[in-house]
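For reference, the chains in residue letters:
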Amino acid sequence: MSSEMIALIILAVAIVVAIILSIKKPKDFTFKLWGTVTMFIFAPVATWLVGTLYGLSEGDGFAAIGVFIIMAPILFIAGVVLFLVGAKYS
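Please read these numbers as outputs of a predicted model, since none were measured by experiment.

J.: Break down the environment of phenylalanine 29 for me, with residues and values.
T.: Mapping phenylalanine 29 onto the fold places it in helix H2 (residues 27-58). Sequence separation of phenylalanine 29 and serine 90 is 61 residues, and the distance between their C-alpha atoms is 8.4 Å.

J.: Please provide a residue-by-residue account of the nonpolar core, values included.
T.: In this structure, Ala7, Leu11, Ala43, Val45, Ala46, Leu49 and Leu75 together form the largest nonpolar core, which totals 7 residues. Listing elements by their share of this core, those giving two or more residues are helix H1 (3-22) and H2. Of the residues forming this core, the biggest block, 4 residues, is contributed by H2.

J.: Break down H2 for me, citing the residues and quoting the values.
T.: The α-helix winds at 3.6 residues per turn, so residues separated by three or four positions along the chain end up facing the same way. Of all the bends in H2, the greatest, near 45°, is centred on threonine 38. Backbone geometry just after H2 places glycine 59 at a positive phi near 75°.

J.: Before we move on, could you go through the environment of leucine 49 and cite the residues and values that matter?
T.: With respect to the helices, strands and loops of the structure, leucine 49 is situated in helix H2. Residues leucine 49 and serine 3, 46 residues apart in the sequence, show an inter-C-alpha distance of 8.8 Å. If near-sequence neighbours (up to four positions away) are discounted, leucine 49 is found in contact with Glu4, Ala7, Leu8 and Leu11.

J.: How would you sum up unusual backbone geometry? Please name residues and give values.
T.: Residue lysine 24 is not a glycine yet carries a positive backbone phi of 60°. Residue placement: lysine 24 occurs in the loop between H1 and H2.

J.: Which residues make up the side chain of threonine 52, and what are the values?
T.: On the secondary structure map, threonine 52 appears in helix H2. Assessed through its relative accessible area of 17%, threonine 52 is described here as buried. Aside from chain neighbours lying at most four places away, what touches threonine 52 is Glu4 and Phe68.

J.: Explain the packing of H2 against helix H3 (residues 61-89) to me, using residue names and the numbers behind them.
T.: Between H2 and H3, whose axes approach to 8 Å, the crossing angle comes to 175°. Considered as vectors, H2 and H3 are oriented roughly antiparallel to each other. Within the contact of H2 with H3, the residues separate by chemical class into 24 nonpolar, 9 polar and 4 charged.

J.: Residues and numbers for the packing of aromatic side chains, please.
T.: Overall, the coordinates contain 2 aromatic pairs when judged by the stated rule. Arranged with centres 5.6 Å apart and planes meeting at 15°, the rings of phenylalanine 31 and tyrosine 89 form a pair that is stacked. Of this pair, phenylalanine 31 sits in helix H2 while tyrosine 89 sits in helix H3, and the two are 58 residues apart along the sequence. The exposure class assigned to phenylalanine 31 is partly exposed, which follows from its relative accessible area of 26%.

About the criteria used
- Residues numbered from 1 in each chain as written.
- Predicted model: local features only at pLDDT ≥ 70, side-chain atom pairs only at ≥ 80, totals over all residues.
- Heavy atoms only, no water.
- Helix = DSSP H or I, 4+ residues; strand = E, 2+ residues; numbered from the N terminus.
- Core = buried A, V, L, I, M, F, W, Y, C linked by side-chain atoms within 4.5 Å.
- Buried < 20%, exposed > 50% of the residue type's maximum accessible area, 1.4 Å probe, protein only.
- Bend = angle between axes of the 7 residues up to and from the residue.
- Contact = heavy atoms within 4.5 Å.
- Axes fitted to C-alpha atoms, helices over the stretch in contact; angles between N-to-C directions.
- Parallel < 35°, antiparallel > 145°, perpendicular 65-115°, else oblique.
- Nonpolar A, V, L, I, M, F, W, Y, C, P; charged D, E, K, R; others polar.
- Phe/Tyr/Trp six-rings, centres within 6.5 Å; stacked < 30°, edge-to-face > 60°.

Following this line, the structure appears as structure tokens:
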């Protein structure tokens, strides 16, 4: 099994678990949960997956690093915003 498939499985499991945990919960818990999942699971794994696939398609490792550098902070900040929105509700 390739590493890209493992990354897709990790993303799918994390999203399914987050959906199950957020069903019928208060909004503050849901936002905090999705912020945490975005920061610590989705951002690194999705960034690695997209960057690796783009780097392989371009045949250039620097292209992959460029995607890492652009995507990681954007997704992490999105997770922080979600978490702070949840903290504001509570």
